[in-house]
Structure formats: C-alpha cells, structure tokens
Amino acid sequence: MLVREIDAQTFLNMVRAGAQRLDRNVERVNALNVFPVPDGDTGTNMNLTLTSGLKEMEDKARSSNHAGELAEALSKGLLMGARGNSGVILSQLFRGFGKGVSDKAELTAREFAHGLKRGTETAYKAVIKPVEGTVLTVAREAAEKGVKMSRRTDDLAELMETVLTEARAALERTPEQLPVLAQANVVDAGGQGLVTIYEGFLAALTGEDIPESAESSGKSSPDLDLLGEIAHERNAQAHFETGDIEHGYCTEFIVRLDPDKLDKNPFSEESFREDMGQYGDSLLVVSDEDLVKVHIHAEHPGDTLTYAQRYGDLTRIKIDNMREQHTSIVEREKRTSPEAPAAVEKPAETQPYGIVAVAVGDGVSEIFKSLGVDVVIQGGQTMNPSTEELVKAVKQIPAEHVFVLPNNKNIILTAEQVKALVDVPVTVLPTRTIPQGLAALLSFNAEEEAAVNRERMMESVRGVISGEVTYAIRDSQYDGKTIDQGDFLGIREGKIIKTGKDLMKTSRELLADMLEEDADVVTVLYGEDVTEEQVKALRDFLDKEYPGVECEIHYGGQPLYYFFFSVE
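Residues numbered from 1 in each chain as written. Predicted model: local features only at pLDDT ≥ 70, side-chain atom pairs only at ≥ 80, totals over all residues. Heavy atoms only, no water.

> Got a sec to walk through helix α3 (residues 42-61)? Specific residues and values, please.
For α3, which comprises 20 residues, the first-to-last C-alpha distance of 28 Å matches the rise-based estimate of 28 Å (1.5 Å per residue) to within 8%. Residues of α3 that are buried: T42, G43, N45, M46, N47, T49, L50, G53, L54 and M57. Buried residues belonging to α3 abut α1 (8-24), α2 (26-30), α4 (67-81), α5 (84-101) and α10 (189-206). (Helix = DSSP H or I, 4+ residues; strand = E, 2+ residues; numbered from the N terminus. Expected span 1.5 Å × (residues − 1). Buried < 20%, exposed > 50% of the residue type's maximum accessible area, 1.4 Å probe, protein only. Contact = heavy atoms within 4.5 Å.)

> Describe the packing of aromatic side chains, and please don't skip the residues or the numbers.
Under the defined criterion, the tally for this structure stands at 19 aromatic pairs. A centroid spacing of 5.6 Å and a plane angle of 65 degrees characterise the contact between F272 and Y311, whose relative ring orientation is edge-to-face. Here F272, found in helix α13 (residues 269-276), pairs with Y311, found in the loop between α14 (301-308) and β4 (312-321); they are 39 residues apart in sequence, far enough to count as distant. Overall, F272 belongs to the buried group, its relative accessible area being 1%. With centroids separated by 5.7 Å and ring planes inclined at 75 degrees, the aromatic side chains of F403 and F444 adopt a geometry described as edge-to-face. Here the residue F403 occupies a position in strand β7 (residues 399-405), and F444 occupies one in the loop between α19 (434-442) and α20 (450-462), the gap between them amounting to 41 residues. The burial state of F403 is the same as that of F444; both residues are buried. Site record: aromatic cluster; members linked through ring pairs are F11, F94, F97, F112, Y198 and F201. (Phe/Tyr/Trp six-rings, centres within 6.5 Å; stacked < 30°, edge-to-face > 60°.)

> Go over a negative patch on the surface, please, and point to the residues and values.
Side chains of D518, D520, E550, E552 and E568 sit close together on the surface and give a patch of like negative charge. With respect to the element layout, E552 can be found in strand β15 (residues 550-555). (Patch = residues over 30% accessible without salt bridge, like charges linked within 9 Å, V, L, I, M, F, W, Y side chains within 5 Å. Areas by Shrake-Rupley, 256 points an atom, 1.4 Å probe, with all protein chains shown as cover. Salt bridge = Lys/Arg side-chain N within 4 Å of Asp/Glu carboxyl O. Lys, Arg positive; Asp, Glu negative; His and termini not counted. Charge placed at Lys NZ, Arg CZ, Asp CG, Glu CD.)

> I'd like to hear about the pairing of strand β6 (residues 375-378), residue by residue, with values.
Note that strand β5 (residues 351-359) and β6 share four bridges and pair parallel. Bridge pairing in β6 places A359 opposite Q378. Where the polypeptide runs from β5 across helix α16 (residues 362-370) and back to β6, its parallel neighbour, the crossover connection is right-handed. (Pairing = 2+ DSSP bridges. Right-handed = clockwise from strand over helix to strand, strands pointing away.)

> A description of the sheet that holds strand β16 (residues 563-567) should follow, citing residues and the corresponding values.
The strand order across the open sheet built from six strands is β13-β12-β9-β16-β14-β15, with neighbouring strands paired in mixed fashion. Across the chains shown, the open sheet's two edge strands, defined by having one partner strand only, are β13 (495-500) and β15. Sheet twist, expressed as the average angle between the axes of neighbouring strands with direction ignored, equals 20 degrees. Direction of pairing for strand β14 (residues 521-526) relative to β15: parallel, over a ladder of six bridges. Bridge assignment links Y526 to a residue of β15, and that residue is Y555. Sheet strands in contact with α19 are β9 (465-471), β14 and β16, and its direction is about 45 degrees off that of β16. The strands touched by helix α22 (residues 532-545) are β14, β15 and β16; relative to β14, the strand with the most contacts, the crossing angle is about 170 degrees. (Axes fitted to C-alpha atoms, helices over the stretch in contact; angles between N-to-C directions.)

> Give me the sheet that holds β7: which residues, what numbers.
Read from one edge of the open sheet, four strands run β6-β5-β7-β8, paired in parallel fashion. Of all strands in the sheet, those with a lone pairing partner are β6 and β8 (426-428), marking the two edges. Ignoring which end each strand starts from, the neighbouring axes of this sheet average 20 degrees apart. Note: β5 against β7, six bridges, orientation parallel.

As structure tokens, this is what we get:
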C-alpha cells in the first residue's frame, strides 16, 4: 500500500494506534526495569504521558484538519501530562517534531523524517547529560536512518518500516552502550516503549498487523549488582560543589521580543542558545512567540544582557553573586539549622517564597506541611505526578519564588519542565528521597535569597543518609544471590544492601549498616502496613543498641515502603 502523504486523520490514527499498542504492552516494558522495587515504571509513565497527548490531539481534531496543528496539540498534551523521565523525554521528542511540521497541512516522507530528526535534537537538548544506550539513542539512530531513506522514497509506509527496523536494531544495541543493561541482560525500557509506539504507527499506515519486536523474555532475570552501584555513583555525581566557581554570577532575565528589533535580528532559539553559551555555563533558554526566558551562570553578566537586548526589551532581571553567596554559606556552616516554621495559614498576599513537595502517605504529607510546605502532591512511588499537576501546584501559591522538592529520582526531570511553564522563578531541588526532602526543609530560611537557600538546603541533603525497606516484586539476581518475589529489601542511597525473608530482621540490618558511621539522630517513618508491635520492637532495638543516638519515630502512612530511615 503506497502512502504519499500523511493527512490530519492519518496522523491521528497513527498516534491512536501507537497509544493502543503501548497500552497493551505496558507490563512488558515495565518488566525491563532492572530494579525490582514497586516504583513508578517506564511503561506506565510513557503510557500515561502518551494518553494525555492523544486526548489533546483528539480535542484539536474536532476543529482542525491540519496535520501540523494536530502535531502541536500532541506536543502540548504530552508536555502537560509528562510523568517521569521517560515521559518527559517522549514529550520532547514530539515537541521537536511538532515544531518541525507545524506549518504542514499534510506531511510528505521527507517532512515526516525531518520532523523525527528535529524531535531527537530537542530531546537531547532537554537532558543535561544525555546518556547513550537509552531511548535517546534509539530515537536518534532511527530518525537518522529515516532521513536517509526519505531521499530514496516518497512512500511513507516504506519510510516508517525503515524507521522501525532501525529503531529495533538500535534497541538491541543498547546493552552494548550501557553496562548496566548488559549486566542485567535486558534492553532499555524507554527504547522498547518507543519501538512499541512506532509499531503502532506502521500498523496504522499499512492497515496490517505488525509483529512485535523480539521479546527480551529469553534473557535471564536482571542482575542488580551493577545497577545499584551506578545508581549510587550517579547520586554522588549530582552533588553540587561551590569551591571552584568559574562563572561567578547567576543571571536570570526575560526578553520580551520586539517586532521592530526582530526585523533587523531575526530570532532563532537555537542560534540564541548557541551564542549565549559563549558567556558562561548552566544555560537554560526557553522561548515562545513573545518571550525568551534565560538562565545562565556568567562571569560578565552585562555581556549577556547586552546581547539579549538586540532581540527585545529585558524584564525580571536577577543577578546573584555566587562567590559572595558561597562565602556566606561557609560562614554559616557551624550554625545549627533553623527550626522548622510552625504551620500557619497561607496569607492571601504575595509571599517571598512558596514550597511544593511530592510525598506519599498521610503522615508524611502532614510532616511536610508542618515544615512549611504550601502544597503537597500525593505521588512518588507508584504514581509519578505529571508536569501539569506540578504546574497547577506552583500556580496556586501566591509567591515570588517557588521551591519544588520532587523527593524521587524519577520526578526530578518532570519537575524541571515546570520552569518554562510558569511566570515565577522556580528552583527544583534534586531531592531523591523523602528523608532528603525533610532535611532540605529544615535548612530553609525565608529571610535568605533563593540561591543561598538552595545551597544550604542541598548541603543538608548531602549530610543525610537515606534508607528504605520494601519488597521485591519479582524474582531477581543480586550480588550473586537469588532474590525471590516477596523478599524484603533494605535500600541505602538507592542501592540494595540487605535482603531477607523477615521484615524486622532486614530492617534492623539496614539500620545497623546506616548507623556504622558517626550519627547523632535517626528518624523513622513507618508505613501503613506496619503494626504497633513492629514499631515498638524497632524502638526497643534502637534504644538498646544505640543509646547515644537520638531516635524520632513518626507515622508516615506510606504504601509499599514499610520504613523510611534518615540518619544524620
């Protein structure tokens, strides 16, 4: 069947087919996640994200018969519904695609292929440190092959078949690029999700049933040893060091694009970003039709402002001396952290700061609120909140600056997307656990500048050891030992260090490991499935074995995770 153009209805059918195929294969994609804990999974996050995009696209289709407009609607829906890292990356792939084809009522093979390529470029830019062997690689190599094929054929079905074939091949190569996948004997879960979507695209174009890509079920159960090590290393690399500041001024501003100036200097986000990059690092540029938001660490901030003025008027200029802030932080290192502010009614007038935190469990949520959090979003373990939910939370706080605490490694990238979707400055603290979030809050001071607060809060995050006790959702191999489904897992800083058949024994062993180092305080948050007898037993253990350590035990009410431990 020869397909020379993709019109609006065909494109809608392709996305529907991709979404349906992904929905049917969610558990298959989830099964490729090599960490066997009951967290939000790649397949689930991609499925929820694509469902949101499809809904926005279907709404637009009621009033538009323009493929490019439907692509833009898909992009918007994906971004607002993006959940987890995989969902955000998927949204960026189609954001770039939407921009590339926005003016096309129908798409030719070449236009479709170049749209896919532009999507990969956008996705790579959205990730601070792109890692090969992931969905990014699968998307890029498939798109590059598609562009080459589009020079030889105008048949979109043939083109899509080529794209899918290369995507499958790239997926099979991911273990060669990521050691953690090779050790676990699986392919990348996000890449598998994208291949599944592409299978739906091709099926819609040809009207034929497309065989699914070869399962990885023939591979052995994931070996988690290296995964835990890598997760631990990545957490360490995420620590922010202030001792060697090359570019001393944190500079933020907004450019209101001026049509008169644009006649002389046409604006291109890509060129603007490339030019601005010469002035410093930590650059973030996000634009729409009227505004350009800029964040950069520069040694000469005036140069960035002078350059930006050629495109329009500047507003919301904010420049902080980071060396001065670092000195201030050092001077405060020996001071004790301020006590948490008492919960008060949120004033109607604009306040200097607002705080959004992601948490799970009634007890945990109440603790966060008592520490001054304005909005607590339920989520984090089995359900990652979407970008839209985070945006709504930020917008409902009448504040000049909002801090967001994701408290889960899989929510950090989603939270970062909020910065470009709201009108107030947003600081996302890369907190990966509930204990890290609580530690950060204890160092927040509403009288300090935002950058100083960020540094102090992250300093506290680095000073806390996080532990969790949960259970294995499937059989796995770890450190040469077998983990059976239902075994209890003791996790320290993202790495499984204890396993066992007995909940309390595993919990005690994990605590003992965490308390080997000098510790002053241990905090325990117990979950909804923990009994009073188990809580008492744990308290007795701590009182007897660690009499010199202050112990605080609170009801967290979290599902799935029996205990959250924090050691300081």
